[in-house]
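Fold and contact review
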Amino acid sequence: MIQCEPILTKDFDTPDLHRLDVYRSKGGYRALEKAVNRMDPAAVVAEIKKANLRGRGGAGFPAGLKWSFLPPKGEKPRYLCVNADEGEPGTFKDKAILETSPHMLLEGIVIACHALDIHQVFVYIRGEFGRPRRFLQSAIDEAYAAGILGPSVMGKGFALDVTVQRGAGAYICGEETGLIESLEGRPGKPRIKPPFPAVVGAFGCPTVVNNVETLAFVPHIIDRGADWWLSIGSEKNPGTRLFSVSGNVVKPGVYELPLGTTIREIIYDVAGGLWAGRSLKAVIPGGVSAAVLDPDEIDTKHDFDSLGAIGSMAGSGGVIVIDDSTCMVRTLERILRFFAHESCGQCTPCREGTDWCYRILQRIERGQGTSEDLETLVSVAKNMMGITICVLADGAAAPIVSFVDKFKDEFTRHVSQKRCPYPLSGPPDGTTSVEG
Amino acid sequence: MPKITIDGQEITVEPGTTIMRAAERLGIFIPHYCYHRRLSVAGNCRMCLVEVETWPKLVTSCTTPVDKDGLVVHTSSDRVKHSQKAVLEFLLLNHPLDCPICDKAGECALQDLYFDFSRQDSRLGPEEKVRKPKNTDLGQQIVLDAERCILCTRCIRFMQEVARDPVLGLIERGNRTEITVFPDRRLDSRYSINTTDLCPVGALTSKEFRFKERVWFLDHTPSICPHCSTGCPVILDHRRRRIYRMMPGTREGEGTWLCDPGRLGYGLFNDPDRPQSPLIRGSDRSQQSPVDWDEALKQASSGLKDIMVKTGSSSVGGIFSNWCTNEEAFVFLRLFKAFGSVNVACFDPVQGLIDSGPADGILIRDDKNPNTRGVREIFASAKGRTKTLPDLIDGILSRKIRALYVVDPDLLGRTPDGKERKRLRDALKKVKLLVVQSPLTNETSRMAHVHLPGAAWSEKEGTFTNGDGLVQRIQQAFSPPGSGLTDLEIFRRVAKAMNLKEVSAKAADLFVELASTVGPFKGMRFQTKEQTLGRLKTPESGDPKSQTAPATPDLSR
């Protein structure tokens, strides 16, 4: 079993942690006091940079480095956009933070703004997140009333406003420039980079875009220091993160574990293993955009570099466990239906390719596919990789290429038997529902 | 300044120049759809991918600035060719391939680039193609076929950035995306037809040209739009003595935009009521009837000579307008000099043959005539040997002038309604001999004793001087209808019939003479390969209205 005290989720069981007084009673806003009273902004940036806090949204890009890309302060204001558009299928950890400990996010936000001389924050929250939004908004209201936000943060004369903007139901608005476009009131179509948001972001101004979880870790690193943080996790992948574990496991849920925990440990030691009588067929380690792993690969450490090294990715930390009753063709078909629906449509390869792949998969799953279809599928997937403005197409191609590569015989069985060989799968009789 | 290599050719460019622009300068064609020289960059079609040595991914050449020395770019490596084929396959996947009924066929970038860069069969299986509406009315001039659309967004960017009327946008996502006009808006801009030129495929078509003619049957003649003093370069697309459409031309290698009213203005010369031969009013003075040129010229010249003999040369008046060419103005004045009459006036109202509306600072100007400046300059050079139009009319009304030779397509129609027009009409009624030289049939021509059918601007050679003083050539696309003649040829014949010194009917010869005698034109040469011959030497003084529009529009933008 993994030996590590939880950081973010330490007090998640405390009732009413979302309330300011309860959060404060657990040591909340101590780090903010430290930051504004005893650290100058540059020291805060330096600490986060030293901690090598890698972005928890999916790309794993170091947050401190991202912050340091801001050009020297000029006439234009700077903005912080908080990416709360958690949309990667299999990922539900930001939701947990927003609903359980919204003040922890706010504390991270205020520290970041103090460090970066930012006075306006936009929290771009997924439109479907009704409940998380209400929790966040009431935390913001409390923070204004308590002088944590508003014209003079912590009485220091530093003005800071936090505005919550709801999305309207587009996965692509989780991509940082798609998010900014949507925030500005346009369709969420990712921008060409460079320029990166740090230089030209929201409303033409320098902008930092950080994930909810990333910012939630900031108070802890400021409170306990980068050296403490670096002692946790694996090499170059310090700290813990929230894993969203779903699929055919006994105990799906959100678990905080150090980076570098193996996938085997996540499935069997943490999530209670597979349902009785079932065996592991595959794992998607980092949301559906990540290449699928087969059971031989589950001793891989779950961190950005180790998964990258085997051609997959840690992504958003959404671990989807697939057992032997599940049809891989149907699973991939479902994934592609998602991407075809969510492609913003601006780049030709993604606009046309995602839906083409979905239609081919639909055909194979219905027993109408041919062996040429399989070849076409993989070739089309490869043709849309690496040539688009954002990585949605790559995220759609990675599962195709890895599913077909690692589970080829399942695809050929669909073709040769002219039907899906799997009955509809679900939890075995006697297992409690996984809902809720 | 960074020095880079594209396909083995070295070029030094300003920092920030994109690979696409650098390649353009080298004459290397990188296939593209969304990129357009004079619009902002969208980078969405992914057709212009190129390989840069040591860079891991292919990059879009339209979005990638050159800011480092020594980049080595390949525009047709195997990787690039593979991606070009892939993108074309994606573009064509749901394309309806209705080329046989598509107006763009023959000048379609999807067709052309497919043949140049792909030529592979579709791998689409038994699925249906994505179907979309094929006939959506977007505005007065434009129809959208959403199935053909490749979503390059050029039309959207044009309406936003050039026409300054952002009514177009995208709705939906993925391959369900469509171009649309915003709710309660219409694509009714005076620049809307440019979107059909910009459209690389047959998604946007103009109602004017839709289903009228296959493009490969059309002949192309460069000319100048005659419908305002901006003088945009155009290409006349015509077949069998009929113009089917007017397309934007180029000036100094750079393309132009056109306004819709100007572009559609040729329609008035496709009028079946245009005179097919000279007309004269018989002895009963009631009806005009067709005659041949000898008869018409005899009638005109003997009439003029009679009056000159009876009441002197100065009893012959002439009205010449800003709708005619520099060369015609030059010859007309020479004709009157030979007549020995100074009663010749310049008719230069702002009203033209069509109304394109008020000046907008984009292309459209208030002066709706092609040659106001040129005609004024040439008249000004005939110091003291001309009259003002009101003086000329006074002369007619007081019976000092008894014959009038009018060269203008629509003298009364272009005169502001009211007192002024009434006075002019009275004058036209009063003269004993009215000769009207005009390619159109209208109130003025019907009053004529002799109607000499001149040519439309598309039926003759010559030059116009635009509001900025640019002297630009118009070229003959085809002959005037029926037995009609070019205006210069008519002048030549009139001179001959009057036993005057022979004048040339060749615009090129006349331009040489003009350039050697009329100051502001001095030094210009008539070059058949050039459309712009030069710029007038004196600053414009007279027409403050032309100042409201930018000078010759900056076409490089």
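Residues numbered from 1 in each chain as written. Chains lettered and ligands numbered in written order. Predicted model: local features only at pLDDT ≥ 70, side-chain atom pairs only at ≥ 80, totals over all residues. Heavy atoms only, no water.

1. Considerations on the packing of aromatic side chains
Applying the stated rule across the entire model yields 27 aromatic pairs over all chains. Measuring from ring centre to ring centre gives 4.8 Å for A:Tyr171 and A:Phe338, while their planes differ by 75°; the resulting arrangement is edge-to-face. Placement of the pair is A:Tyr171 in the loop between β3 (161-166) and α8 (176-183) and A:Phe338 in helix α13 (residues 328-342), with a sequence separation of 167 residues. A:Phe338 sits in the buried class, given a relative accessible area of 17%. Three or more aromatic residues joined by ring pairs form one cluster here, namely B:Phe320, B:Phe332, B:Phe336, B:Phe339, B:Phe379, B:Tyr405 and B:Phe491. Between A:Arg241 and the ring centre of A:Phe243, over which it is positioned, the NZ or CZ distance is 5.9 Å. The ring of B:Trp257 carries B:Arg38 above its face, with NZ or CZ at 3.9 Å from the centroid. (Phe/Tyr/Trp six-rings, centres within 6.5 Å; stacked < 30°, edge-to-face > 60°. Helix = DSSP H or I, 4+ residues; strand = E, 2+ residues; numbered from the N terminus. Buried < 20%, exposed > 50% of the residue type's maximum accessible area, 1.4 Å probe, protein only. Lys NZ or Arg CZ within 6 Å of the ring centre and 35° of its normal.)

2. Some points on the domain arrangement of chain A
Residues and elements named next belong to chain A. Domain boundaries assigned for chain A yield domain 1 (20-230), domain 2 (233-323) and domain 3 (329-417). The C-alpha centroid of domain 3 is placed 35 Å from the C-alpha centroid of domain 1. Each partner contributes to the interface: domain 1 provides 13 residues, whereas domain 3 provides eight residues. Counting the surface lost from both domain 1 and domain 3, the interface buries some 830 Å², and carbon and sulfur atoms represent 71% of this. One can count zero salt bridges joining domain 1 with domain 3. One can count three residue pairs in polar contact (both at pLDDT 80 or more) joining domain 1 with domain 3. For the side of domain 1 that touches domain 3, the residue count by class is six nonpolar, three polar and four charged. (Domains from an automatic or database assignment. Contact = heavy atoms within 4.5 Å. Buried area = accessible area lost by both parts, 1.4 Å probe. Salt bridge = Lys/Arg side-chain N within 4 Å of Asp/Glu carboxyl O. Polar contact = N/O pair within 3.5 Å; in protein donor to acceptor, adjacent residues only side chain to side chain. Nonpolar A, V, L, I, M, F, W, Y, C, P; charged D, E, K, R; others polar.)

3. Focus: the sheet that holds strand β12 (residues 233-239) of chain B
Strand pairing in a sheet is mediated by backbone hydrogen bonds. Such pairs are either parallel or antiparallel. Residues and elements named next belong to chain B. Across the sheet, which stays open at both edges, the three strands sit in the order β11-β12-β13 with antiparallel pairing between neighbours. Pairing within the sheet leaves two strands with one partner each, and these edge strands are β11 (219-224) and β13 (242-248). Direction aside, neighbouring strands of the sheet carry axes that sit 30° apart on average. (Pairing = 2+ DSSP bridges. Axes fitted to C-alpha atoms, helices over the stretch in contact; angles between N-to-C directions.)

4. Overview of empty space enclosed by the protein
Tallied over the entire structure, the rule returns eight cavities of 30 Å³ or more. In this model, the largest cavity occupies a volume close to 140 Å³. (1 Å grid on protein atoms, 1.4 Å probe; cavity = no way out; pocket = protein on both sides within 12 Å on 5 of 7 lines; lining within 4 Å. Points joined across faces, edges and corners; volume = space filled by probe spheres on them.)

5. Remarks on the sheet that holds strand β10 (residues 318-323) of chain A
Residue and element names in this part refer to chain A. Taken together, the four strands give an open sheet; going across it, the order is β8-β7-β10-β9, and neighbouring strands pair in mixed fashion. At either end of the open sheet lies a strand with only one pairing partner, and these are β8 (253-258) and β9 (280-284). Averaged over all pairs of adjacent strands, the angle between strand axes in this sheet comes to 30°, irrespective of strand direction. Note: strand β7 (residues 240-247) against β10, four bridges, orientation parallel. For Ser244, the partnering residue across the bridge sits in β10 and is Gly318.

6. Remarks on the nonpolar core
B:Tyr33, B:Leu110, B:Phe158, B:Leu168 and B:Trp457 are the most contacted members of the largest nonpolar core, which has 67 residues in total. Secondary-structure elements contributing two or more residues to this core are α2 (78-93), α3 (109-117), β7 (142-144), α4 (154-161), β9 (178-181), β12 and β13 of chain B. Top element by residues in this core is α2(B). It accounts for five residues. When near neighbours in sequence (up to four residues on either side) are disregarded, B:Trp457 contacts B:Ser223, B:Ile224, B:Pro226, B:Leu236, B:Ile243, B:Met246, B:Tyr266, B:Phe269, B:Trp323, B:Phe464, B:Ile474 and B:Gln475. Counting 66 residues, the second-largest nonpolar core is a separate cluster that includes A:Val110, A:Val123, A:Val212 and A:Val218. (Core = buried A, V, L, I, M, F, W, Y, C linked by side-chain atoms within 4.5 Å.)

7. Considering the side chain of B:Ser118
Residue and element names in this part refer to chain B. Tracing the backbone through its elements, the reader meets Ser118 in the loop between α3 and β6 (136-137). Judged by relative accessible area, Ser118 falls into the buried class, the value being 9%. Sequence-distant contacts of Ser118, defined by excluding residues within four places in its chain, comprise Lys85, Leu88 and Leu113.

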